Amino acid sequence: MAFWRRPGFQRRWDTFKRGWYKFSKNPVSVVGLFFVVAVSFLAVFAPFVAPYPEHAGRFVNFSEASQPPSLQHPFGTDVFGRDILSRVFFGFRYSLMMGVVVLVLVVPPGVVLGLVAGYWRGTWIDMVIMRVTDVFLAVPPLILALAVCSVLTPSVFNAMMAVSLMWWPWYARLVYGLASSLRNEFFVQAAEVAGASRPHILFREILPNCVSSIFTKMSLDMGWVILIGSALSFVGLGAQPPTPDLGTMVADGAKYLPDQWWIAIFPALAIMITVLGFNLIGDGFRDLFALEEV
Amino acid sequence: MGILKLVGKRLVLSVFVLFGLSILIFLISRVLPGDPVRMALGPRAPEWAVQNMREQMHLDKPLYAQYYYWLSGALRGDLGQSLFTRRAVVDDIKEFLPATMELVLFAGVIMAVFGILLGAVAGRYSNTWVDNSVRIFSYVGVVTPSFVFAILFLLLFGYVLRWFPTAGRLSPGITRPQVITGMVTLDALVTGNFAALGDALWHMVLPAVSLALGGMAQEARITRSTISDNLRKDYIAAAKGFGIPERFVTLKYLLKPSLIPTVSILGLDFASLLGNAFLVELIFNWPGFSRYGINAMLRKDLNAVSAVVMVLGVVFVIVNILVDLVVAGLDPRIRLGAERGK
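Note that this is a predicted model, so its numbers are computed, not measured.

Reading guide: rules and limits
- Residues numbered from 1 in each chain as written.
- Chains lettered and ligands numbered in written order.
- Predicted model: local features only at pLDDT ≥ 70, side-chain atom pairs only at ≥ 80, totals over all residues.
- Heavy atoms only, no water.
- Helix = DSSP H or I, 4+ residues; strand = E, 2+ residues; numbered from the N terminus.
- Buried < 20%, exposed > 50% of the residue type's maximum accessible area, 1.4 Å probe, protein only.
- Contact = heavy atoms within 4.5 Å.
- Lys, Arg positive; Asp, Glu negative; His and termini not counted.
- Charge placed at Lys NZ, Arg CZ, Asp CG, Glu CD.
- Areas by Shrake-Rupley, 256 points an atom, 1.4 Å probe, with all protein chains shown as cover.
- Salt bridge = Lys/Arg side-chain N within 4 Å of Asp/Glu carboxyl O.
- Axes fitted to C-alpha atoms, helices over the stretch in contact; angles between N-to-C directions.
- Left-handed = near helix turned anticlockwise from the far one by under 90°.
- Nonpolar A, V, L, I, M, F, W, Y, C, P; charged D, E, K, R; others polar.
- Domains from an automatic or database assignment.
- Buried area = accessible area lost by both parts, 1.4 Å probe.
- Polar contact = N/O pair within 3.5 Å; in protein donor to acceptor, adjacent residues only side chain to side chain.
- pLDDT = per-residue confidence, 0-100.
- Patch = residues over 30% accessible without salt bridge, like charges linked within 9 Å, V, L, I, M, F, W, Y side chains within 5 Å.
- Parallel < 35°, antiparallel > 145°, perpendicular 65-115°, else oblique.
- Phe/Tyr/Trp six-rings, centres within 6.5 Å; stacked < 30°, edge-to-face > 60°.
- Lys NZ or Arg CZ within 6 Å of the ring centre and 35° of its normal.
- Expected span 1.5 Å × (residues − 1).

Caption draft 1: Representation of the overall build of chain B within the structure. Counting its secondary structure elements, chain B contains 14 helices and zero strands. Helices and strands appear in chain B in the N-to-C order α-α-α-α-α-α-α-α-α-α-α-α-α-α. Here the C-alpha coordinates of chain B stretch approximately 85 × 55 × 40 Å along the principal axes. Counting only residues that meet the buried cut, chain B has 51% of its 342 residues in that class. Of the contacts formed within chain B by residues at least 6 apart in sequence, a portion of 71% connects residues at least 24 apart. Across chain B, the mean location of the 32 positive side-chain charges is 5 Å away from that of the 22 negative side-chain charges.

Structural data, given as structure tokens:
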């Protein structure tokens, strides 16, 4: 039987359709989705949609330097004569990559630690995991990430590692809260009595009930991670020029304020649009799943 | 007694957290590629000088011994010497921390007062144009990095409109009041130097507002949702039914319990103020602790970096205990729960 005819798949597909219907009734989340899709499209196809793809990296054309926005260069050009619109499109790539890589690295360990600590709540396992989590949460994540970046050579990759190192505790804490209340539910007790294995209880009984919260937090966090990433590049501890990173571009442009305002303002707006998109979607999820704790 | 017990418990936990943080930051600052001594002295320093300094900083000893020296120094209030300014890090911090605390406290007050005010108004008049404008403001506030606000304000109010100064804490013509706390506004107030007080406040408006907006938006959002939820609760209808005046119902029965979630996240928002101060101080050339921290990080000044992170950890822990106290004051369940030894 083809997989889409199986009853299990049918049921999930129906749930998805219902969810999508509810999600699409909320204009705010649809706007968010539009932003995210648009930004992702521009990022993926940057070499094809950018008017001057060669301006993304090391490129100099002083005869066209520091031009205000015009039809030829809608966002103007920077001091090296590079088209800012093209660089913003490539900048989306680095922002999205930052968010995706960090979340991929951070969510699995954070979730597993939270599940384990929550299930064994009150034991030494809980104690150890959650106190370590507290330590990481005791300082603003931006500052710890800055501190880690400062001892490494500044680069996009190291910035991602630094933010990842600081981000898992948020997931551990979220899942801990959920798991420690779910473990007292009857379905978990039933599974225990039936002799289900620990991994089964953790991953097949408790985890599916946390997924909506994790998912919502991930979409909100895409925005936060992008903000932190851009802040790291802004101070010069993240992506290095000539990488077309949005934070780096804002930092470069800030030197030429207020006269050549377009160099900093358009990349800044690009950061805001990206973060806004993920935030709106996250809010849509939160309403959809009726969550409070994320 | 309940409150005391609560505070005691939090204090014990905080000591553990700070101890863990000290290990974490020590590991970050020591287990790194590159030689801090070489970097501090420069590539042309003779080998014996490098050796001397390494011994002086105990960098030739094993890691656990280094940690022991560092921690026992830190507990005595000696956080080592800055590799660049060649001064005791503690002295540097004493000089720069008040400027940042002044800025962050000012921003925190703006954040809390206006955030709660906006949220309360939006929640009270939910689904009207007031509510919608606050909602749009919240989105803009939440998604804009504070350094972008800082740049925009600098551009608009500093350079174009020239309403506010663009850098520093005081105008060149104003003499700094005698240093008592290090916070210029407070010192000016104590010494009665009102010209300096006004000038200092004037300098603080742009950086503080750019810092505060993000958290303010979040506070407004949370206050709004709790207020509009609580507005529909039966006890409010009951209070109104008893004929209790509208204003009294709003302030005592509606606002007070609705503030609990808002205050709980104030601690987190305060942390992000401290974090974002790192960027905003850079932009407004604010001679504070965060700018010192950023420069230390950019120069790989290890002792200074670890000291900066530890001091922030201490500040953050204190703020969180204060927040817990305020929440306990607002929420009788926590007070009573603490009494029952829960």
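The rest of the description comes next.
Caption draft 2: View of the overall build of chain A. Helix and strand counts for chain A come out as 12 helices and zero strands. N-terminal to C-terminal, the α/β element order of chain A is α-α-α-α-α-α-α-α-α-α-α-α. Dimensions along the principal axes, computed over C-alpha positions, put chain A at roughly 75 × 50 × 35 Å. When burial is assessed residue by residue, chain A has 52% of its 294 residues classed as buried. Long-range contacts, defined here as pairs at least 24 residues apart, represent 73% of the contacts in chain A between residues at least 6 apart. For chain A, the exposed surface amounts to about 13300 Å²; the carbon and sulfur share of it is 67%.

Caption draft 3: Expanded view of the pattern of salt bridges. Residues and elements named next belong to chain A. According to the stated counting rule, one finds 16 salt bridges over all chains in the structure shown. Across the pair Asp134 and Arg131 runs a salt bridge, and its minimum N-O distance is 3.0 Å. Taken together, the positions of Asp134 and Arg131, both in helix α5 (residues 124-137) and three residues apart, correspond to about one turn of that helix. Judged by its relative accessible area of 16%, Asp134 is buried. The class for Arg131 is partly exposed, based on a relative accessible area of 28%.

Caption draft 4: Main features of the packing of helix α12 (residues 262-289) of chain A against helix α7 (residues 146-160) of chain B. It is the contact of α12 of chain A with α7 of chain B, at a shortest axis distance of 11 Å, that shows an interaxial angle of 140 degrees. Our pair here, α12 of chain A against α7 of chain B, has a crossing hand that is left-handed. Contact residues: Ile265, Ala268, Ile271 and Met272 of chain A in α12 of chain A; Phe147, Val148, Leu152 and Leu155 of chain B in α7 of chain B. When grouped by side-chain class, the residues that make up the contact of α12 of chain A with α7 of chain B number eight nonpolar, no polar and no charged.

Caption draft 5: Expanded view of the domain arrangement of chain B. All names here are of chain B. Looking at chain B, the domain boundaries give domain 1 (1-84 + 299-342) and domain 2 (97-292). Each of domain 1 and domain 2 was reduced to a C-alpha centroid, and the two centroids are 28 Å apart. Contact residues are listed per partner, giving 14 residues for domain 1 and 14 residues for domain 2. Across the domain 1/domain 2 interface, buried area totals approximately 1300 Å², and carbon plus sulfur atoms make up 88% of it. At the junction of domain 1 with domain 2, the criterion picks out zero salt bridges. The interface formed by domain 1 and domain 2 contains zero residue pairs in polar contact (both at pLDDT 80 or more).

Caption draft 6: A look at the interface of chain A and chain B. Opposite the 42 residues of chain A that make contact, chain B presents 42 residues. Joining chain A to chain B, the criterion identifies one salt bridge. For Arg221 of chain B, the salt bridge goes to Asp283 of chain A, with nearest N and O atoms at 2.9 Å. Broken down by secondary-structure element, the contributors of at least two residues to the side of chain A that touches chain B are α5, α6 (141-151), α10 (211-235), α11 (246-254) and α12 of chain A. When residues in the side of chain A that touches chain B are grouped by element, the largest group, 10 residues, is from α12 of chain A. Classifying every residue of the side of chain A that touches chain B gives 34 nonpolar, four polar and four charged.

Caption draft 7: Region of the structure containing the confidence of the model for chain A. Mean pLDDT over chain A works out to 87, with 99% of the residues at or above the 70 mark. Here helix α1 (residues 7-24) of chain A is the element of chain A with the lowest mean pLDDT, 84, and helix α4 (residues 84-119) of chain A is the one with the highest, 93.

Caption draft 8: Region of the structure containing a nonpolar patch on the surface. A cluster of nonpolar side chains, Phe3, Trp4, Phe9, Trp13, Phe16 and Trp20 of chain A, forms an exposed patch at the surface whose accessible area comes to about 690 Å². Relative to the assigned elements, Phe9 of chain A resides in helix α1.

Caption draft 9: The arrangement of the side chain of Gln66 of chain B in detail. In this fold, Gln66 of chain B is placed in helix α4 (residues 63-75). Setting aside anything within four residues of it in sequence, one finds Gln66 of chain B in contact with Phe26, Arg30, His58, Leu59 and Lys61 of chain B.

Caption draft 10: Looking closely at the side chain of Asp245 of chain A. All names here are of chain A. You can see Asp245 is positioned in the loop between α10 and α11. Buried charge without a salt bridge: Asp245, with Arg87 as the nearest opposite-charge side chain at an N-O distance of 9.1 Å. When near neighbours in sequence (up to four residues on either side) are disregarded, Asp245 contacts Tyr94, Ser233 and Ala239.

Caption draft 11: Expanded view of the environment of Met216 of chain B. Residues and elements named next belong to chain B. In this structure, Met216 sits in helix α9 (residues 194-231). For Met216, a relative accessible area of 6% puts it in the buried group. Taking C-alpha positions, Met216 is 45 Å from Leu41, a pair spaced 175 residues apart along the chain.

Caption draft 12: Spotlight on the packing of α6 of chain A against helix α13 (residues 302-330) of chain B. Contact pair α6 of chain A / α13 of chain B: the axes reach a minimum separation of 11 Å and the direction vectors enclose 170 degrees. Considering the angle they form, α6 of chain A stands roughly antiparallel to α13 of chain B. Between α6 of chain A and α13 of chain B, the residues in contact are Ile143, Leu144, Ala147, Ser150 and Val151 of chain A and Leu302, Val305, Val309 and Leu312 of chain B, respectively. Residues of the contact of α6 of chain A with α13 of chain B, tallied by class, amount to eight nonpolar, one polar and no charged.

Caption draft 13: Just the packing of aromatic side chains, in detail. Throughout the structure, instances matching the rule amount to 25 aromatic pairs over all chains. Between Lys217 of chain A and the ring centre of Tyr171 of chain A, over which it is positioned, the NZ or CZ distance is 5.7 Å.

Caption draft 14: Representation of α13 of chain B. Counted at 1.5 Å a residue, the expected span for α13 of chain B with its 29 residues is 42 Å, and the 42 Å between its end C-alpha atoms agrees. Of all 29 residues in α13 of chain B, 21 are buried; the element is thus mostly enclosed.

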